[in-house]
Amino acid sequence: MRRIIINTLKRAGFNDVIEASDGKDALAKMKVEQVNFVITDWNMPEMDGLTFVTTVRGMDEFKNLPILMVTTRSVKDDILEAMKAGVNNYIVKPFTPETLKAKIDQVLGG
Amino acid sequence: MSGKENMQTRLQREIGELSSSINSLIDSFRKLKAPLVESHQKVPQATSQLDKISEQTEAAAHRMLDMIEKITQREEEVIRGLGEVRALVGGQQDQHVVSLVTTIEEKANTNLNDTYTIMDALQFQDITSQQMNHAAALLEEIETKLQHILSVVGADTAPDVNRPSIKKTRAYDPHADLSDKRTQQADIDSLFSHEKAK
């Protein structure tokens, strides 16, 4: 799934993409790399997306970092939980490239 | 017959019936043991089979992505090359060459868009992998319950030495499915707008 998202991002002109295997890996990379926005799944090994978003939002430097969640979870309670954790937008899989681009524009546009 | 004797006879009969029920129950447990042990041994095989399917499907999806990325790159190069040809022949009046370049460009763009469609369709692998992980997790749950039942009926099985001692970490959505999510996405967007407006 990561490769599909990366390819879609590149098609949309985002060539500088940092890939992480899960929340824990992403946090480690965010400490050493400049990150302008994040796309995360929910279901990941080691650290899931919800824990990752909550952790990121608890860090001063990432309080306003745009975060987009891309997941199969589409139950209303899950979506509300993700919003509460601090995601800026939410895409349910399978998605279309158009949806991904539109959501990125929304997230980056505020 | 006195009341005391009557009571004694009834008690003996009750005890006899109880004993017969217990014997029948023990017999049933004995009969259950073999299929329970067999099921307990087969469940891990099913789990492992699901994991193998998941791994092989993932590997196949990656191989397809490798090829798609190469085709995409080649088509992009073709389109760039055709752009250069168009620039070279642009000043000329050879309509046949210009028309040929346009036709090849259109076909190359169609191929490129088709590769994007195939790539997007490969999202199925992520979803089916979650579905298989869910099924495998359910099988692991059944295996644990069967183990409890077997220990209760005194038929503990020896652990399989070929199995990894640490269980696989499974990250999945139990409701993951492949259906078209456009309507659902619209509902989510509306929920997001509604919650943000609060």
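Predicted model only: the values in this text are computed from it and were never measured. (Residues numbered from 1 in each chain as written. Chains lettered and ligands numbered in written order. Predicted model: local features only at pLDDT ≥ 70, side-chain atom pairs only at ≥ 80, totals over all residues.)

Take the overall build of chain B next. Across its full length, chain B holds 4 helices and 0 strands. For chain B, the N- to C-terminal ordering of α and β elements is α-α-α-α. On C-alpha atoms alone, chain B measures out to a radius of gyration of 34 Å, which is more than a quarter above the 16 Å that the 2.2 N^0.38 rule sets for 198 residues. With the C-alpha coordinates of chain B rotated into their principal frame, the extents come out at 130 × 50 × 30 Å. (Helix = DSSP H or I, 4+ residues; strand = E, 2+ residues; numbered from the N terminus. Rg over C-alpha atoms; globule rule 2.2 N^0.38 Å.)

Moving on, we come to the overall build of chain A. Summing up its helical and strand segments, chain A has 5 helices and 3 strands in all. Reading the helices (α) and strands (β) of chain A from amino to carboxyl end gives α-α-β-α-β-α-β-α. For 110 residues, the compact-globule estimate of 2.2 N^0.38 gives 13 Å, and chain A sits close to it at 13 Å. On the principal axes, the C-alpha backbone points of chain A span a range of 35 × 30 × 30 Å. Residue pairs in contact within chain A that sit at least 24 positions apart in sequence constitute 47% of those at least 6 positions apart. (Contact = placed C-beta atoms within 7 Å.)

Okay, helix 1 (residues 3–89) of chain B next. Residues and elements named next belong to chain B. Between its first and last C-alpha atoms helix 1 spans 122 Å; for 87 residues at 1.5 Å apiece the expected length is 129 Å, and the two agree. Helix 1 sits mainly on the outside: 5 of its 87 residues count as buried. Listed as buried for helix 1 are His40, Thr47, Ser54, Ala61 and Leu82. Where helix 1 is buried, its residues contact helix 2 (95–121) and helix 3 (123–152). (Expected span 1.5 Å × (residues − 1). Buried ≥ 20, exposed ≤ 12 C-beta atoms within 10 Å, placed from the backbone.)

Here we come to the interface of chain B and chain A. Across the boundary between the two partners, chain B contributes 23 residues, which contact 27 residues of chain A. Those elements giving two or more residues to the side of chain B that touches chain A turn out to be helix 2, helix 3 and helix 4 (182–197) of chain B. Ranked by residue count, the leading element in the side of chain B that touches chain A is helix 4 of chain B, at 6 residues. Here the side of chain B that touches chain A is composed, by residue class, of 12 nonpolar, 6 polar and 5 charged. (Nonpolar A, V, L, I, M, F, W, Y, C, P; charged D, E, K, R; others polar.)

Along the chain, Lys93 of chain A connects to Pro94 of chain A via a cis peptide bond; the corresponding omega equals -5 degrees. By the element assignment, Pro94 of chain A lies in the loop between strand 3 (89–92) and helix 5 (97–109).

A word on the confidence of the model for chain B. Residues and elements named next belong to chain B. Per-residue pLDDT for chain B averages 85, and the proportion of residues at 70 or more is 91%. Ranking the helices and strands of chain B by mean pLDDT puts helix 2 first, with 90, and helix 4 last, with 83. For this predicted complex, the interface confidence score (ipTM) comes to 0.79, while the overall pTM stands at 0.76. (pLDDT = per-residue confidence, 0-100.)

Let's shift gears to the packing of helix 4 (residues 76–85) of chain A against helix 4 of chain B. Contact geometry of helix 4 of chain A with helix 4 of chain B gives a least axis separation of 11 Å together with a crossing angle of 45 degrees. Judged on the interaxial angle alone, helix 4 of chain B and helix 4 of chain A are oblique. Seen along the crossing, helix 4 of chain A lies across helix 4 of chain B with a hand that is right-handed. Seen from helix 4 of chain A, the contacting residues are Lys76, Ile79 and Met83 of chain A; seen from helix 4 of chain B, they are Ile188, Leu191, Phe192 and Glu195 of chain B. (Axes fitted to C-alpha atoms, helices over the stretch in contact; angles between N-to-C directions. Parallel < 35°, antiparallel > 145°, perpendicular 65-115°, else oblique. Left-handed = near helix turned anticlockwise from the far one by under 90°.)

Moving on, we get to the environment of Gln12 of chain B. Residue and element names in this part refer to chain B. Following the sequence through the fold, Gln12 ends up in helix 1. The exposure class of Gln12 is exposed, given the 10 C-beta atoms found within 10 Å. Distance in space between the C-alpha atoms of Gln12 and Leu65 is 77 Å, their sequence separation being 53 residues.

Our next topic: the environment of Ile18 of chain A. All names here are of chain A. Structurally, the position occupied by Ile18 is in the loop between helix 1 (2–11) and helix 2 (23–32). For the pair formed by Ile18 and Leu80, sequence separation is 62 residues and the distance between their alpha carbons is 27 Å. Ile18 has contacts with Lys29, Glu33 and Val35, leaving out every residue within four places of it along the chain.

Residue and element names in this part refer to chain A. By size, the foremost hydrophobic cluster in this structure holds 24 residues, and its most contacted members are Ile67, Leu68, Met69, Val70, Val87 and Ile91. Among the elements of the structure, helix 1, strand 1 (38–40), helix 3 (49–57), strand 2 (67–71), helix 4, strand 3 and helix 5 are those that each provide at least two residues to this core. Setting aside residues no more than four positions away along its own chain, Ile67 makes contact with Val38, Thr40, Val53, Val56, Gly86, Val87 and Asn88. (Core = buried A, V, L, I, M, F, W, Y, C linked by C-beta atoms within 7 Å.)

Right, let's get into the pairing of strand 2 of chain A. All names here are of chain A. Burial runs high along strand 2: 5 of the 5 residues are buried. On strand 2, burial covers both faces: Ile67, Met69 and Thr71 on one face and Leu68 and Val70 on the other are all buried. Strand direction decides the pairing type here: strand 1 and strand 2, joined by 3 bridges, are parallel. Bridge pairing in strand 2 places Ile39 opposite Leu68. Bridge analysis of strand 2 against strand 3 gives 4 bridges, and the strand direction is parallel. Counterpart to Leu68 in the pairing with strand 3 is Asn89. On the question of chirality, the crossover connecting strand 2 to the parallel strand 3 by way of helix 4 is right-handed. (Pairing = 2+ DSSP bridges. Right-handed = clockwise from strand over helix to strand, strands pointing away.)

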